[in-house]
Amino acid sequence: MTEPPLDELIASIAVDVPDFPEPGVVFRDLTPVFADAGAFRRVVDGLAAPVLTDPRVAALRTGDGDPGFDVVVGVEARGFLLAAAVALAAGTGVVPVRKAGKLPRERISAEYALEYGTATLELHTDSLTAGQRVLVVDDVLATGGTLEAAVGLVERLGAVVSAVAVVVELPALGGRQKLAPHSVHALWTT
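As recorded in an unreviewed UniProt entry, the protein chain goes by Adenine phosphoribosyltransferase and comes from Klenkia taihuensis. What UniProt states about the protein chain under its Sequence similarities (unreviewed entry) heading is, verbatim, "Belongs to the purine/pyrimidine phosphoribosyltransferase family."

Here you go:
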């Protein structure tokens, strides 16, 4: 039996939750996708693919067996699940970007606008090194504020963003433009 394309698989399992977390917002709940072992495996493989296949980032690879990134940065909270799985599969480390007040050591922070408010992200100052290649992973790219803040934190520490990978992109909200010129890879665009 032929497997469906990854975007169709994700769309068939994800659940839309209207008016969450506030009226007018449609929340794309990916937890059913994560709970399906076969779908989750394909999502993890798909998230690592941009560095392996995108010619814009091919120069970052140093040879066969090099995934094109040294560490995966996951954005709180669902991004943690995804980043950890991608890092494990690629044989790299994983670094969390957390909401304000969650990291115990010296950290840098960035405030950003959400589609329904504002928030602050933080990153330990010793979590990345200058020149380190980073794959930034999150579940959804909507307005781009969260990922723009995360990318900014990574770059403030001198690391190099190899690519940004997300499960779902909502292109009508324009988030991809905020991440230019970085390579952005979405598994499902809706």
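Caption draft 1: The sheet that holds strand S8 (residues 160-169), seen in detail. Strand order in this open sheet of seven strands is S5-S6-S4-S3-S7-S8-S9, and the pairing throughout is mixed. Of all the strands in the sheet, the pair left with one neighbour each is strand S5 (107-114) and strand S9 (184-189). Taken pair by pair, the neighbouring strands of this sheet meet at an average axis angle of 25°, ignoring direction. In this structure, S5 lies alongside strand S6 (residues 117-124), joined through eight bridges in antiparallel fashion. Paired with Ala113 across the bridge in S6 is Thr118. Contacts between helix H1 (residues 6-13) and the sheet are confined to S8 and S9, with S9 contributing the most and set at about 55° to the helix. Packed onto the sheet, helix H5 (residues 145-156) meets strand S3 (71-75), strand S4 (93-99), S5, S6, strand S7 (133-141) and S8 and runs at close to 160° relative to S5.

Cut-offs applied
- Residues numbered from 1 in each chain as written.
- Predicted model: local features only at pLDDT ≥ 70, side-chain atom pairs only at ≥ 80, totals over all residues.
- Heavy atoms only, no water.
- UniProt positions renumbered as here; feature names shortened; annotations may be inferred.
- Pairing = 2+ DSSP bridges.
- Helix = DSSP H or I, 4+ residues; strand = E, 2+ residues; numbered from the N terminus.
- Axes fitted to C-alpha atoms, helices over the stretch in contact; angles between N-to-C directions.
- Contact = heavy atoms within 4.5 Å.

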